[in-house]
Amino acid sequence: MTATITEPAGATAERGIRFTDDRRPPARPRAGRAGRAVGSIAIGFGLLVAIVLQLLPFYITVTTALKPRSDLSSQWVLPGDEWYWQNFTTAVDRGHILGAIGNSALVTLVSTLLVCALGALAAYPLARRTSVTNRLVMVGIVGLIMVPPLSILVPLYTMMNQLQAVNTYWGTILVMVATQLPLAIFLYASFMRGLPLSIEEAAAVDGASPVQILFRVVFPMLKPVTATVVILTSVAVWNEYALSVYLMRSPDMRTIAPAIGTFFASSGSDLGAAAAASLMSVVPVLAVYLVLQRYFIKGMVAGAEK
């Protein structure tokens with residue numbers, strides 16, 4: 001038998017005992033704070049190293065473009081006395097880099113517009129109608145993303161030659177759209193699955209047709225993923241070399257990458273002119289990215305919560 005000892009209500013207070021509030025969070029140990037600080041420093045250092053590694057090729061390109069071919073100094077050091085701008089003149093005169101930039105701008109602009117329009121139109125039924133057929137189609141589209149374009153180069157060139165599409169803008173644009181469209185459809189479909197269906201249902205109740213719902217309700221909500229598709233497609237088409245060098249064989253029809261490749265030969269290479277041409281070609285793409293950068297990350301992670 002155990003005895004229970006009770007005390008008067010004020011006995012505890014008289015002895016000066018104080019109760020602590022159980023709701024107050026316990027004090028964090030200093031070791032945990034130090035560990036988080038070390039982790040933050042390590043993450044910051046890793047990001048700094050990644051930024052330096054990304055900017056390092058750009059820095060070497062700048063130093064190479066500002067030196068003559070006779071300058072045998074290290075590529076890590078900028079020219080001391082004066083900068084050599086003749087490489088940019090050589091890139092324009094001998095490499096026809098301005099014409100190549102115009103050709104790339106035309107092909108990239110038209111290809112990007114077609115990829116965005118066709119990708120959004122094809123992704124809408126795939127995202128809203130979850131049938132077995134649509135799932136198989138999505139699996140096929142994902143499979144097409146993993147097919148390297150160089151693996152179909154020989155039959156592709158044969159077909160384009162029979163269609164007389166070599167050295168033509170429309171032939172190159174058709175190939176670029178076909179290679180970039182699967183990724184665009186996948187991104188659009190992933191983003192559309194995260195959009196609330198209630199908005200489309202409300203528009204249908206108000207009397208909107210499916211076409212009106214698509215163009216007036218759904219398309220305005222696709223700005224983030226459209227920015228992502230624009231950046232990925234434009235950069236891929238702008239930097240395309242393996243297909244463009246076979247489809248654009250004429251010097252007047254060359255795009256950026258084949259034009260820069262003309263400065264490299266088995267007998268010798270003009271690294272300064274090639275570096276100058278590379279710097280000139282990166283300006284338009286950099287401008288597009290700076291305009292659309294706030295939408296880029298949001299569109300890349302679209303549909304990740306699903």
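Below you will find a few notes about this structure. The numbers attached to residues start from 1 for each chain and follow its sequence in the written order. In view of the model being predicted, local features appear only for residues whose pLDDT reaches at least 70, and side-chain atom pairs are presented and counted only at 80 or more, with totals across whole chains, interfaces and linings using the full set of residues. Only hydrogens and water are set aside when side-chain values are computed; all heavy atoms of the structure are taken into account.

**Details of the overall build of the chain**
At step 1: Only DSSP runs of H or I reaching four residues or more are called helices, and only runs of E reaching two or more are called strands; each is numbered from the N terminus. Within the chain, the secondary structure is distributed over 13 helices and zero strands.
At step 2: Reading the secondary structure of the chain in the N-to-C direction produces α-α-α-α-α-α-α-α-α-α-α-α-α.
At step 3: In this scheme, a residue with accessible area under 20% of its type's maximum is buried, one over 50% is exposed, and one in between is partly exposed, where area comes from a 1.4 Å probe on protein chains only. For the chain, the residues scored as buried account for 33% of the 306 residues in total.
At step 4: For the chain, the share of sequence-separated contacts (at least 6 apart) that also reach a separation of at least 24 residues comes to 72%.
At step 5: Working note: accessible area of the chain is about 19600 Å², and carbon and sulfur atoms make up 65% of it. Note on definitions: a residue-residue contact is assigned when non-hydrogen atoms from the two residues lie within 4.5 Å. We get accessible surface area from the Shrake-Rupley algorithm with a probe of 1.4 Å; when it comes to residues, only the shown protein chains can shield them.

**Description of the side chain of Ser111**
At step 1: Tracing the backbone through its elements, the reader meets Ser111 in helix 4 (residues 97-128).
At step 2: In this structure Ser111 touches Ile173, Met176, Val177 and Val237, once residues within four positions along its chain are discounted.

**Looking at unusual backbone geometry**
At step 1: Although it is not a glycine, Gln164 adopts a positive phi angle of roughly 55 degrees.
At step 2: Within the fold, Gln164 resides in the loop between helix 6 (153-162) and helix 7 (169-193).

**Regarding the nonpolar core**
Considering soluble globular proteins, one finds that nonpolar side chains tend to be buried as a cluster.
At step 1: Take the buried Ala, Val, Leu, Ile, Met, Phe, Trp, Tyr and Cys residues and link them wherever side-chain atoms come within 4.5 Å; each set so joined is a nonpolar core. Residues Tyr188, Met192, Val218, Leu222 and Val229 are the most contacted members of the largest nonpolar core, which totals 45 residues.
At step 2: Taken together, the elements giving at least two residues each to this core come down to helix 4, helix 5 (132-145), helix 6, helix 7, helix 9 (210-218) and helix 10 (223-238).
At step 3: In terms of residue count, the dominant contributor to this core is helix 7 (twelve residues).
At step 4: Beyond its immediate stretch of four places on either side in the chain, Val218 contacts Tyr124, Met192, Leu195, Glu200 and Ile213.

**Section: the packing of aromatic side chains**
At step 1: Stacked, tilted and edge-to-face are the three classes assigned to paired rings of Phe, Tyr and Trp, where Trp is represented by its six-membered ring and a pair needs centres within 6.5 Å; plane angles under 30 degrees give stacked, over 60 edge-to-face, the rest tilted. Within this structure, the stated rule accounts for two aromatic pairs.
At step 2: With centroids separated by 5.6 Å and ring planes inclined at 40 degrees, the aromatic side chains of Trp85 and Phe88 adopt a geometry described as tilted.
At step 3: Ring geometry for Phe215 versus Phe219: centroids 5.1 Å apart, planes at 70 degrees, classification edge-to-face.
At step 4: Under the relative-accessibility criterion, Phe219 is labelled partly exposed at 24%.

**Details of helix 10**
Given 3.6 residues to a turn, an α-helix orients residues that are three or four positions apart in the same direction.
At step 1: For helix 10, spanning 16 residues, the distance from its first C-alpha to its last is 22 Å, which sits close to the expected 22 Å at 1.5 Å a residue.
At step 2: Restricting attention to buried positions, one finds in helix 10 the residues Pro224, Val225, Ala227, Thr228, Val229, Val230, Ile231, Thr233, Ser234, Val237 and Trp238. Expected helix span is computed as 1.5 Å times (number of residues minus one).

**Quick look at helix 9**
At step 1: All of the buried residues in helix 9 are Ile213, Leu214, Val217 and Val218. Down the axis of helix 9, the buried side of the element spans an arc of 115 degrees, and every buried residue falls inside it. Facing away from the buried surface of helix 9 by more than 90 degrees, the exposed residues are Val211 and Arg216.
At step 2: Elements in contact with the buried residues of helix 9: helix 4, helix 7 and helix 8 (197-205). Arc, as used here, means the arc of the directions from the helix axis to the C-beta atoms.

**Considering the side chain of Thr108**
At step 1: The residue Thr108 is located in helix 4 in this model.
At step 2: We classify Thr108 as buried; its relative accessible area is 8%.
At step 3: Other than its neighbours up to four places away in sequence, Thr108 contacts Ser234, Val237 and Trp238.

**A closer look at the packing of helix 5 against helix 7**
At step 1: Interaxial angles span 0 to 180 degrees and are taken between N-to-C directions of axes, which are lines fitted to C-alpha atoms, for helices over the stretch in contact. Remark: helix 5 packs on helix 7, axes separated minimally by 8 Å, with the N-to-C direction vectors making an angle of 135 degrees. Between helix 5 and helix 7, the angle falls in the class oblique. As helix 5 runs across helix 7, the sense of the crossing is left-handed. Facing Met138, Ile141, Val142, Leu144 and Ile145 of helix 5, the residues of helix 7 in contact are Pro182, Leu183, Ile185, Phe186, Ala189 and Arg193.
At step 2: Considering only residue class, the contact of helix 5 with helix 7 consists of ten nonpolar, no polar and one charged. To sort the angles, those under 35 degrees are grouped as roughly parallel, those over 145 as roughly antiparallel, those from 65 to 115 as roughly perpendicular, and the leftovers as oblique. A crossing counts as left-handed when the near helix is turned anticlockwise from the far one by less than a right angle, and as right-handed when that turn is clockwise. We call Asp, Glu, Lys and Arg charged. Ala, Val, Leu, Ile, Met, Phe, Trp, Tyr, Cys and Pro are nonpolar, and the rest, Gly among them, are polar.

**Comments concerning a nonpolar patch on the surface**
At step 1: Patch rule: a residue counts if its relative accessible area is over 30% and it has no salt bridge; like charges are joined within 9 Å, and nonpolar side chains (Val, Leu, Ile, Met, Phe, Trp, Tyr) within 5 Å. Salt bridges are defined by distance alone: a side-chain nitrogen of Lys or Arg within 4 Å of a carboxyl oxygen of Asp or Glu. A cluster of nonpolar side chains, contributed by Tyr59, Trp76, Val77, Leu78, Trp83 and Trp85, occupies part of the molecular surface with about 650 Å² of accessible area.
At step 2: Residue placement: Trp85 occurs in the loop between helix 2 (30-65) and helix 3 (86-93).

**With respect to the pattern of salt bridges**
At step 1: Under the counting rule described, the total for this entry stands at one salt bridge.
At step 2: Ionic pairing is found between Arg128 and Glu200, a salt bridge with its closest N-O pair at 2.7 Å. Note that Arg128 is positioned in helix 4 and Glu200 in helix 8, a separation of 72 residues in sequence.
At step 3: The class of Arg128 is partly exposed, set by a relative accessible area of 23%.
At step 4: Given a relative accessible area of 5%, Glu200 falls into the buried group.

Function cannot be read off these values alone, since they describe shape.
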